[in-house]
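In case you want the letters, here they are:
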Amino acid sequence: MRYIRPLSIEDAVGQLAGSAGPAAILAGGSDLLVRMKGGFVEPELIIDIKSIAGLRDIRETADGFSIGAAVPCAVLGENAALKKAWPGVVEAAKLIGSKQVQGRCTIVGNLCNASPAADSVPALVAAGARAVVVGPSGKRTIAVEAVPTAPGRTSLAKGEIIEAILLDKRAPRSADAYLRFIPRTEMDIAVVSAGVNLTLDAAGIVTAARVAIGAAAPTVLLVEEGAQALIGRKLDEAALERLAKVCAGACRPIDDKRGTIEFRRKVAGVLARRAAQTTYARAGGK
């Protein structure tokens with residue numbers, strides 16, 4: 001096994017693309033090291049990206065925020081501007097693991113691990129976040145929901161690395177929220193989760209919405225019909241009931257020891273409803 005610590009994204013891409021055997025990216029390592037210890041992966045090359053300039057930075061620009069691939073989740077919660085603009089994204093990231101894990105894990109690692117139950121991914125999908133992908137053919141930007149394709153699999157081609165996550169500048173009267181259900185009070189994997197992102201007009205009418213459900217299908221679900229149930233109206237009981245029904249129906253869950261199909265569908269609707277209410281209040285709705 002070889003370990004390298006490149007100083008540029010171009011070097012990292014070149015090393016990854018030129019690797020003859022299995023290779024892995026190391027940022028926080030909270031997923032990679034566990035998988036290596038369990039014998040699930042045995043990379044011949046480990047590329048540590050923490051020394052690459054900019055990858056440990058959160059940058060606020062005129063267009064929004066750029067979160068580097070190696071920014072620990074704990075740092076997201078310390079950024080007041082990001083927390084104010086995208087509270088749902090931050091609260092989702094801060095649910096990953098323990099306090100110790102928080103100092104290492106990253107939202108890009110959480111995304112690329114491609115677990116259907118990843119906490120940060122539904123919040124990022126609801127937020128309309130985009131991933132900046134760098135590879136041998138250059139740079140491209142794709143929707144976050146286009147990255148995971150199945151449990152443990154992504155759409156990234158050989159040699160490609162996610163450099164950053166982009167979040168748009170907030171429109172007035174906008175907010176987001178993330179909720180999950182777990183069997184314990186903390187440090188557990190989501191049985192079902194929901195992220196909601198809303199923009200309101202001055203009268204409290206929803207003008208834009210995105211709704212995402214996690215741990216209820218092989219990948220996170222962007223529930224467009226759920227968003228349509230909210231757009232053009234205030235968050236009244238009828239809209240909330242329609243949202244819950246649509247989200248429950250969109251789920252494609254499995255039966256396992258942590259929850260039944262029926263249970264997960266029911267909880268998906270309940271969480272979407274509650275997350276929408278929290279988001280609406282954060283955005284100034286009454």
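Residues numbered from 1 in each chain as written. Predicted model: local features only at pLDDT ≥ 70, side-chain atom pairs only at ≥ 80, totals over all residues. Heavy atoms only, no water.

## Brief notes about the pairing of strand 4 (residues 58-61)
Put simply, the rule reads: Each pair of strands is called paired provided DSSP finds at least two bridges between the two strands. The helix count covers DSSP runs of H or I at least four residues long, the strand count covers runs of E at least two residues long, and both are numbered beginning at the N terminus.
Taken together, the four bridges between strand 4 and strand 5 (residues 64-68) define a ladder with antiparallel strand orientation. For Glu-60, the partnering residue across the bridge sits in strand 5 and is Phe-65. With antiparallel pairing between neighbouring strands as the criterion, strand 4 and strand 5 make up a hairpin whose turn holds two residues.

## Remarks on the sheet that holds strand 13 (residues 206-214)
The sheet built from four strands is open, its strands ordered 11-12-13-14 with antiparallel pairing. Edge positions in the sheet fall to strand 11 (174-181) and strand 14 (221-222), since each has one partner strand and no second. In this sheet, strand 14 lies alongside strand 13 in antiparallel orientation, the contact comprising two bridges. If you follow Ala-212 over to strand 14, its bridge partner there is Leu-222.

## What about the environment of Ala-227?
To be explicit about the condition: Contacts are assigned to residue pairs that have any heavy atoms within 4.5 Å of one another.
With respect to the helices and strands, Ala-227 occurs in helix 9 (residues 224-228). Spatially, the C-alpha atom of Ala-227 lies 22 Å from that of Glu-262, the residues being 35 residues apart in sequence. Filtering out sequence-adjacent residues up to four positions away, Ala-227 remains in contact with Ala-209, Arg-210 and Val-211.

## A look at the pattern of salt bridges
Where charged atoms of side chains with opposite charge meet at close range, the side chains can pair. Under the convention used in this document: The term salt bridge refers to a pairing of a side-chain nitrogen on Lys or Arg with a carboxyl oxygen on Asp or Glu at a separation within 4 Å. Under the scheme applied here, a residue whose accessible area is under 20% of the maximum for its type counts as buried, over 50% as exposed, and between as partly exposed, the area being computed with a 1.4 Å probe on protein chains only.
The tally for this structure, following the rule as stated, stands at 15 salt bridges. Arg-5 serves as the salt-bridge partner of Asp-48, at 3.5 Å between the closest nitrogen and oxygen. Here Asp-48 is found in strand 3 (residues 45-48), whereas its partner Arg-5 is found in the loop between strand 1 (2-4) and helix 1 (9-18), with 43 residues between them in sequence. Residue class for Asp-48 comes out buried when judged on its relative accessible area of 2%.

## Side note on helix 11 (residues 261-282)
Condition: Under the convention used throughout, the expected extent of a helix is 1.5 Å for every residue step, that is, one less than its residue count.
With 22 residues, helix 11 should reach 32 Å at 1.5 Å per residue; the first-to-last C-alpha distance of 31 Å fits that figure. Backbone geometry just after helix 11 places Gly-284 at a positive phi near 100 degrees.

## What to know about the pairing of strand 5
Burial of strand 5 is extensive: five of the five residues sit out of reach of the surface. Pairing analysis gives five bridges linking strand 5 to strand 10 (residues 161-168), with the strands arranged antiparallel. When the sheet's bridge partners are listed, Gly-68 is paired in strand 10 with Ala-164.

Read these as geometric descriptors, not functional statements.
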